[in-house]
Structures are given as C-alpha cells and as structure tokens.
Amino acid sequence: MSSDPASLYSRKNPFPATHPVNRKLSGEGSGKDTRHHEISLAGSGLNYEVGDSLGLFATNDPALAQEIITAIGATGEESVCGADGQPKPLRTALLSDYIITQPSKEFLKALVEKAGAALGDLRDLLNDPAQKKALEDYLWGFEYIDFLAAHHTVKWGVEEFVKTLRKLQPRLYSIASSLKANPESVHLTVATVRYESHGRKRQGVASTFLAERWGEGATAGVFVHTAKHFRLPEDPYTPIIMVGPGTGVAPFRAYLQERKVIGAKGRNWLFFGEQTRSKDFLYEHELMALQSDGVLHELEVAFSRDQANKIYVQDKMRERAKDIWAWLQEGAHFYVCGDGARMAKDVDTELHRIAGTEGGKSPEEAAAYVEGLKKEKRYKKDVY
C-alpha cells in the first residue's frame, strides 16, 4: 500500500472518492468509447507514484440486477448474506457484493443438478478437468441471466442462489497522472467495454460504472495499488522508450507529467498506436504540447486503419530499429503497457529482432540480451 502513513485508507478501507471529470477522448464516429476520468483524492491523505494503479470498487448495472431478481422470482427485498457476512437486501447484495455477469462453477453445477438431462453437455464438461478449454469456449459470452432465462422452470431459493455467487472484486487501472502535477487528484484512461454476444448487449462492470453510473456528486471506494516493478529510472538523466498503444498510454502520460515537473533531463520517446488518427489519437494536443516544450523528444504513431495495410507499434519500432538500439546502448529503459495477449508479445518479438539486426547477435545472444535488460530492471511491462 503506497499511501502516506497518515492515510487511513487502503483496499480493506477504501476512500470514498468523487468523480468530477468524465470526458470522452474518442472522436465522433470512433469505434471505441475511451474516456479520461479524474477522481478527487482531496482529504484522503493518499499518495501514489507514477507507475502505480488505482483500485476501484465499482457497482453492478441496476438493470441487470433487476433482471436476475425477476428471473429467480424474487422481489429484491429479501434478506441475504452479503459478501461481508452481514445480512442485507438481495438487491443491495447483487449491486455491490457479488459478480452477476460470468457464472461461477458453483452456480453451473447447481443448475446442472436441477436441470438434469437438458444440460448433459455442460455436466460432462464440468466433470472433466481435461476439458477446461472446451468449457471456456462453451461459456464464452454467456452470463447468469442467459442460463436463468433459458432454464426458467428451474426454481431457486434466494439464499441458495446467492451462495453460488463469487465476491465482486475491485478493478485496477494504471494511473494516468503525476501527483506532483495534479495534487489530490488521480486520472485514469479507460476504454468503455460494450459488446454483443448470443443476441444480448453486454458491458464491462467497472468501465461502464465509470462512464455512466458514477455521477459527479456520488462517491465510490478507491485505494492505491503499488507497482514497484513499473517505476521511472531513479536517475533523471536516463532516457526512456515507452510503448503504449490505446489505453496503454496511461502510465506514460503520468511519466511525462512527472519528468516535466521535476525537470528530468533524460530523453523521452513514446510509441502510440490506435485505429484512426482523426478519431482515436488519445491526448493528441497534450502530447504535441509536450513535444513542443521539449519534454517528449520522439513521438512515433501507428494508426492501423488509416491505410490499406494495417500498421502497428511494432512496425514503427522496426522502422526506427537503429535509433532504438542506439538509445538502449546509452542505457535507456524500455517500457510496455497495454494488451498482454498480442501487442506485448509482438513488441517483445521486435525487441529480440532489433538486438539481432542492429546488435549483430544470434537468436540465442539476442534472447540473452533481452533477458539481461529484464534482470537489470531496464525492460518493464504493465500488461493486462
């Protein structure tokens, strides 16, 4: 917990913060709804370092909670055991205590018992540990409400149903601001998750809570989550290379704010990528201003859909391979933030390639070089 010793607030005792700024970053007609959120920490005593994350206790969508209440034949006023072990109305528990989207194994096993032969396929998958991947594929895009609606003749006791639910956990978001530049405030860069599956509209719990349900006067619980592995170099003269497409730009906005405030002399290089320049260039004006102020020395952008062939950050890295290698030889730290499934792997592959082409290393030597960067804490990732 990286809060000030004077602060009483932590994950176990989150600070009731307000949400004064909720601004859309995506332009008109963008395929995404990415937003800039500012959350007030005034009076909390909470401190954070750039690279840290903010934990947020979001609440569920009231419309979805109501659908579930109706589906199990309840009123919402029934007293149930909350996640904290205290009795509370069913509606309150569904809103703030439990996960009501992705179904738990406990729920599925109970449903299979009740529904019998109708769910034989699901029973087989649940009972065979070797079928883990097949079970994931089967469940993809399904939520509690789908199973409750499809098997509406199955009867649930209210407490029986609640006992199958898992506790709603806080979401962690990379902090997009420096406390030195924004005293008593924390900024987040969040893509609002909305999609369709099996003919129903779905939404991310915390991202839509931020976008739609956390009004200006209301409070929500927050805490600081320390990320010691994702710090700026201690020496302000050290150059840094940052690869942060999409919302992965968040911690690097924080780094640039910090380095500007402390007057760090180290050079800063950012690789940013998104779909289109006109609609998805997050923080464009800020980044341009940092460039003209001499804080951001190099800015490479890749907009995948602005031309026939898709261009990504790793393609821009390849174009600048010689310069990246030169910066690394000067002791630069290399940072990656964003999608861990694809982007971070592609960037890692490109870094190995650069060590080979520009450093004249064999594949084995290139791998050892990249491993060395990690050991020296010069190659850092914040991926999700």
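Look a little higher up for the structure.
Residues numbered from 1 in each chain as written. Predicted model: local features only at pLDDT ≥ 70, side-chain atom pairs only at ≥ 80, totals over all residues. Heavy atoms only, no water.

## Quick look at the nonpolar core
Moving on, step 1. In this structure, I68, L90, L94, F107, L122, W156 and F161 are the most contacted members of the largest nonpolar core, which totals 32 residues.
Moving on, step 2. One finds M242, F252, L270 and Y335 within the second-largest nonpolar core, a separate group that totals 26 residues. (Core = buried A, V, L, I, M, F, W, Y, C linked by side-chain atoms within 4.5 Å. Buried < 20%, exposed > 50% of the residue type's maximum accessible area, 1.4 Å probe, protein only.)

## A few points about the pairing of strand 14 (residues 333-338)
Moving on, step 1. With six of six residues buried, strand 14 is to be regarded as a mostly interior element.
Moving on, step 2. Side chains of strand 14 alternate between two faces, with H333, Y335 and C337 and F334, V336 and G338 buried alike.
Moving on, step 3. Bridging between strand 11 (residues 240-243) and strand 14 involves four bridges; their strand directions are parallel. Each bridged residue has a counterpart across the sheet, and for I240 the counterpart in strand 14 is H333.
Moving on, step 4. Here strand 14 runs beside strand 15 (residues 379-383); their pairing, made up of five bridges, is parallel. In the sheet register, V336 faces strand 15, and the bridge partner there is K381. (Helix = DSSP H or I, 4+ residues; strand = E, 2+ residues; numbered from the N terminus. Pairing = 2+ DSSP bridges.)

## Here we look at the pattern of salt bridges
Moving on, step 1. Scanning the model with the defined rule gives 26 salt bridges in all.
Moving on, step 2. Of the charged contacts, one joins D146 and R202 as a salt bridge, the two residues approaching to 2.8 Å between their closest N and O atoms. With D146 in helix 6 (residues 144-150) and R202 in strand 9 (residues 200-203), this residue pair connects regions lying 56 residues apart in the sequence. With respect to class, D146 is no different from R202; both count as buried.
Moving on, step 3. Connected through salt bridges with shared partners, the residues D33, R35, R194 and E212 form a single ionic network. (Salt bridge = Lys/Arg side-chain N within 4 Å of Asp/Glu carboxyl O.)

## Quick look at the sheet that holds strand 1 (residues 15-24)
The pairing of strands in a sheet happens through backbone hydrogen bonds and is either parallel or antiparallel.
Moving on, step 1. Judged by pairing direction, the sheet is antiparallel, and its six strands sit side by side in the order 6-3-10-1-2-7 without closing on themselves. The two strands at the open ends of the sheet, each matched to only one other strand, are strand 6 (171-174) and strand 7 (185-191). Neighbour-to-neighbour, the strand axes of this sheet turn through a mean angle of 40°, independent of strand direction.
Moving on, step 2. Pairing of strand 3 (residues 53-57) with strand 6, which is carried by four bridges, proceeds in the antiparallel orientation. Across the sheet, G55 pairs through a bridge with L172, a residue of strand 6.
Moving on, step 3. With respect to the sheet, helix 8 (residues 205-213) is in contact with strand 1, strand 2 (34-40), strand 3, strand 6, strand 7 and strand 10 (220-225), its orientation differing from that of strand 6 by roughly 65°. (Axes fitted to C-alpha atoms, helices over the stretch in contact; angles between N-to-C directions. Contact = heavy atoms within 4.5 Å.)

## So, a nonpolar patch on the surface
Moving on, step 1. A surface patch of nonpolar side chains, about 310 Å² in accessible area, is lined by W140, V193 and Y195.
Moving on, step 2. Of the residues examined, Y195 reaches a relative accessible area of 31% and is grouped as partly exposed. (Patch = residues over 30% accessible without salt bridge, like charges linked within 9 Å, V, L, I, M, F, W, Y side chains within 5 Å. Areas by Shrake-Rupley, 256 points an atom, 1.4 Å probe, with all protein chains shown as cover.)

## Some remarks on the environment of L111
Moving on, step 1. Within the secondary structure, L111 is located in helix 3 (residues 105-115).
Moving on, step 2. Between the alpha carbons of L111 and S278 there is a distance of 49 Å; along the sequence they are 167 residues apart.
Moving on, step 3. The contacts of L111, once residues within four sequence positions are left out, are L119, F147, H151, V154 and W156.

## Comments concerning helix 4 (residues 120-127)
Note on helix geometry: an α-helix contains 3.6 residues per turn, so any two residues three or four positions apart are oriented the same way.
Moving on, step 1. Among all positions of helix 4, only L122, L125 and L126 are buried. Buried residues of helix 4, seen end-on, are gathered within an arc of 100° and therefore sit on one face of the element. In helix 4, the exposed residues that point more than 90 degrees away from the buried face are D124 and N127.
Moving on, step 2. As for helix 4, its buried residues are in contact with helix 3, helix 5 (132-139) and helix 6. (Arc of directions from axis to C-beta.)

## Details of the sheet that holds strand 15
Moving on, step 1. The five strands lie next to each other as 13-12-11-14-15, forming an open sheet whose pairing is parallel. What marks the edges here is a single partner per strand, and that holds for strand 13 (298-303) and strand 15. The mean angle between the axes of side-by-side strands here comes to 10°, regardless of whether they run parallel or antiparallel.
Moving on, step 2. In this sheet, strand 12 (residues 268-274) lies alongside strand 11 in parallel orientation, the contact comprising four bridges. Looking across to strand 12, one finds that I241 is bridged to W269.
Moving on, step 3. Sitting on the sheet, helix 14 (residues 343-357) touches strand 11, strand 14 and strand 15, and the angle it makes with strand 14 is about 155°.

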